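Tertiary structure, described
One-letter residues, chain by chain:
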Amino acid sequence: MGSNIKSRSASKVALESFDDLFGGSAAQENGVEQIINAPLAELYTFKDHPFRVEDDEKMEETTESIRQYGVLVPGIARPREGGGYEIIAGHRRKRGSELAGKTEMPVVVRNYTDDEATIIMVDSNIQREDILPSEKARAYKMKYEAMKHQGKKSGRNTLDEVGEAAGENAKKVQRYIWLSRLSDELLAMVDGKKLGFSQGVDISFLAEEAQGWVQAVIEEKGCNVSMVQSAQLKEYGKTGELTFAMVRMILTEEKPKERKVTLKADKISEYFAEDCSSEEIEGIIIQLLDEWSARNGTKRQ
């Protein structure tokens, strides 16, 4: 008796939390939704779903939870043309159900438009901790295009609205959307930290053929791309002057060794007033070095 009461309470909490997130109560009042136990064979992946569903350690935890308690929070789906349902949220729950030996899963079925479904699909996944740059880039692009297609509603910057669910500003969202223009191979390099995020954004401005040249040189030479190099590639790409030979030359030229000199605060205080800025201190030191070099004939040309 006690366990049944607990089970009903858990289901109620899960469904009420779900309704708070996605407006279920209002939808139920309007009679436009239903909660069903859908056969897993009738649940289809969302078109161009940008997020990974992998059989990793977290999936093992999800599977074990489903095996013991079932799917506590229903997925979201919409009727699919041709039969069955398209999953909007719940791809990992479906996979966990399969691995747990289940044949069906609870889902809330609603008649969402393509744009509405895309926005919910992105928002229900974008706050995951293990999300890759490529996933976020593709997801932001999909949500941005869906919101632009819907038209202005709030009067706010669409890019800010896209990043709102993940707490990111318009500038960051725009850079991710640019990143989504990279080839799959270069995006994989960004995911694997073989290519920096900012460098990837620069290279995303290159034409498809030029991106292929960059990929080929990186793979052949195993070189790391610096910010200076990616900026050069971007600029030559804008002017239409970029060739495969130029890409090779830019990416394989020997990088100058970076030298840093650190001065302790107490030493600086001996010679400079407290209100002297870092730029002013640097300017004075450079000027003194120039004078010293001129006297000794050691200044490099």
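See the structure shown above.
Attention here is on the structure that accompanies the text. As the structure is a prediction and not an experimental result, all values here were calculated from the model. (Residues numbered from 1 in each chain as written. Predicted model: local features only at pLDDT ≥ 70, side-chain atom pairs only at ≥ 80, totals over all residues. Heavy atoms only, no water.)

1. Side note on the packing of helix H6 (residues 133–150) against helix H8 (residues 170–179)
It is the contact of H6 with H8, at a shortest axis distance of 8 Å, that shows an interaxial angle of 105°. Here H6 is positioned roughly perpendicular relative to H8, judged by the angle of their axes. On H8, the residues that touch Pro133, Lys136, Ala137, Tyr140, Lys141 and Tyr144 of H6 are Val173, Tyr176, Ile177 and Leu179. When its residues are assigned to classes, the contact of H6 with H8 shows 8 nonpolar, no polar and 2 charged. (Axes fitted to C-alpha atoms, helices over the stretch in contact; angles between N-to-C directions. Helix = DSSP H or I, 4+ residues; strand = E, 2+ residues; numbered from the N terminus. Parallel < 35°, antiparallel > 145°, perpendicular 65-115°, else oblique. Contact = heavy atoms within 4.5 Å. Nonpolar A, V, L, I, M, F, W, Y, C, P; charged D, E, K, R; others polar.)

2. Notes on the pairing of strand S3 (residues 75–79)
Among the 5 residues of S3, 4 are classified as buried, and the element is accordingly described as predominantly covered. Bridging between S3 and strand S5 (residues 104–110) involves 3 bridges; their strand directions are parallel. Its bridge partner lying in S5, Ala77 is registered against Val109. From the end of S3 to the start of strand S4 (residues 85–89), which pair antiparallel, there are 5 residues, and Gly82 there has a positive phi angle of about 100°. (Buried < 20%, exposed > 50% of the residue type's maximum accessible area, 1.4 Å probe, protein only. Pairing = 2+ DSSP bridges.)

3. Overview of empty space enclosed by the protein
This structure, assessed with the given rule, holds 1 cavity of 30 Å³ or more. Volume-wise, the largest cavity comes out at about 30 Å³. Around the largest cavity sit Arg52, Val53, Glu54, Asp56, Arg92, Arg128 and Asp130, which together line it. By residue class, the composition of the lining of the largest cavity is 1 nonpolar, no polar and 6 charged. (1 Å grid on protein atoms, 1.4 Å probe; cavity = no way out; pocket = protein on both sides within 12 Å on 5 of 7 lines; lining within 4 Å. Points joined across faces, edges and corners; volume = space filled by probe spheres on them.)

4. So, the sheet that holds S4
Reading across the sheet, the 5 strands line up as S1-S5-S3-S4-S2 and stay open at both edges, with mixed pairing between neighbours. Each having just a single partner strand, strand S1 (33–39) and strand S2 (43–44) make up the two edges of the open sheet. Relative to S4, helix H4 (residues 91–99) is tilted by about 115°, and along the sheet it contacts S2, S3, S4 and S5.

5. Concerning the nonpolar core
As a rule of thumb, soluble globular proteins bury nonpolar side chains together. Core analysis: the largest hydrophobic core is formed by 48 residues, its most contacted members being Leu179, Val214, Leu233 and Leu251. Counting residues per element, this core draws most heavily on H6, at 6 residues. Discounting residues that sit within four places of it in the chain, Val214 has contacts with Leu186, Ile203, Leu206, Leu233, Val247 and Leu251. In this structure, Ile36, Leu43, Ile66 and Val71 belong to the second largest nonpolar core, which totals 13 residues. (Core = buried A, V, L, I, M, F, W, Y, C linked by side-chain atoms within 4.5 Å.)

6. Observations concerning helix H9 (residues 184–191)
All of the buried residues along H9 are Leu186, Leu187, Met189 and Val190. The buried residues of H9 occupy an angular sector of 155° when projected down its axis, which confines them to one face. Against the buried residues of H9 lie H6, H8, helix H10 (197–203) and helix H11 (208–221). Trailing H9 by a residue or two, Lys193 shows a phi angle of about 65°, which is positive. (Arc of directions from axis to C-beta.)

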